[in-house]
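Residue-level listing of the chains:
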Amino acid sequence: MISQRLRQGAARFAEGAGIGAFLFGVAMWLAFGWLRSRTGTTVLLLAILVVSCQARAQAIPANAAQYQRELTRIVQQEFGLPAPVAIHAGQIHQESAWRSDARSPVGAEGLSQFMPGTSQWMAEIYPDLGRAAPYSPTWAMRAQARYNRWHLRRLSSVTDTCERWAFAMSAYNGGLGWVQRDQRLASAAGDDPAVWFGSVERYTNRAGWAERENRHYVRHILLELTPRYVRAGWQGGAPCS
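Everything numeric here is computed off the predicted structure, so don't read it as measured data.

The rules behind each value
Residue numbers here run from 1 along each chain, matching the order of that chain's written sequence. Whole-chain, interface and lining totals are the exception, using all residues; otherwise, since this is a predicted model, local features are given only for residues with pLDDT of at least 70 and side-chain atom pairs are given and counted only at 80 or more. To get the side-chain values, all heavy atoms of the structure are used, and hydrogens and water are removed first. Helix and strand assignments come from DSSP, with helices taken as H or I runs of at least 4 residues and strands as E runs of at least 2, each series counted from the N terminus. Throughout, exposure labels follow a simple rule: accessible area from a 1.4 Å probe, protein chains only, divided by the maximum for the residue type, with under 20% read as buried, over 50% as exposed, and the rest as partly exposed. Here, residues are in contact when the closest pair of their heavy atoms is within 4.5 Å. For this text, the term disulfide refers to a pair of cysteine sulfurs within 2.5 Å.

Caption draft 1: Representation of the environment of A123 within the structure. Looking at where A123 falls in the secondary structure, it is placed in helix α6 (residues 116-125). You can call A123 buried: its relative accessible area is 13%. It is 8.5 Å that separates the C-alpha atoms of A123 and A143, two residues lying 20 residues apart in sequence. Excluding residues within four positions of it along the chain, A123 makes contact with G130, R131 and A132.

Rendered as structure tokens:
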């Protein structure tokens, strides 16, 4: 019975661990040899705790930690409390894997992967951001939070928090104009233009590759990455969980 419960607990610890799952399995294989003694059971529980923490840490790039405090401050300034820090962290994870020098094949730059034209536009309409500096982590995070808020304000007709963030993520990736066209297609087909998941996400005239990228972008950030950062202690919760 103890062995079965420990295995079940281990499975829950390992769930979502990603690349740490292999190490977890090795530790479990070694530790189960201690089950016949009380000391052995204690060692096993400690092994589960240590390796599961390592597995979770490995699921987030190591260099994310250096930006956690500053991103938290920036998002709190833009959104107030509670601030959706974990969503922004998941978005940066998706955009650049926390590499401030990242440059995509199409020319997107920095942590938040702004195209040069978008960076310049953001600097023009928001002078308080200063000159466009997408390779500056601070500027990139400030511009990312401001751009997300810009989209959210234009999606005020969407009242559900999860759905609203889904539309905002789609707009960040592909442009608000495409989101609005997709909404019109959904409405014309009799579906709800204020619901992303299972509704608007099914409609578009984008190229096939653009549709796949955009739909994956939304789902990966909100359904996978944001909960991962919440579990790791980043603030804001996961609105779609």
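Caption draft 2: Molecular detail of the state of the cysteines. Evaluated as defined, the whole model comprises one disulfide. Disulfide pairing places C162 opposite C240 at an S-S distance of 2.1 Å. Looking along the S-S bond of the C162-C240 disulfide, the torsion reads about 110°, which is the right-handed sense. Of this pair, C162 sits in helix α8 (residues 161-174) while C240 sits in the segment after α10 (208-231); the two residues are 78 residues apart in sequence, bridging distant segments of the chain. Taken individually, C162 and C240 each receive the classification buried, so the pair is uniform in this respect.

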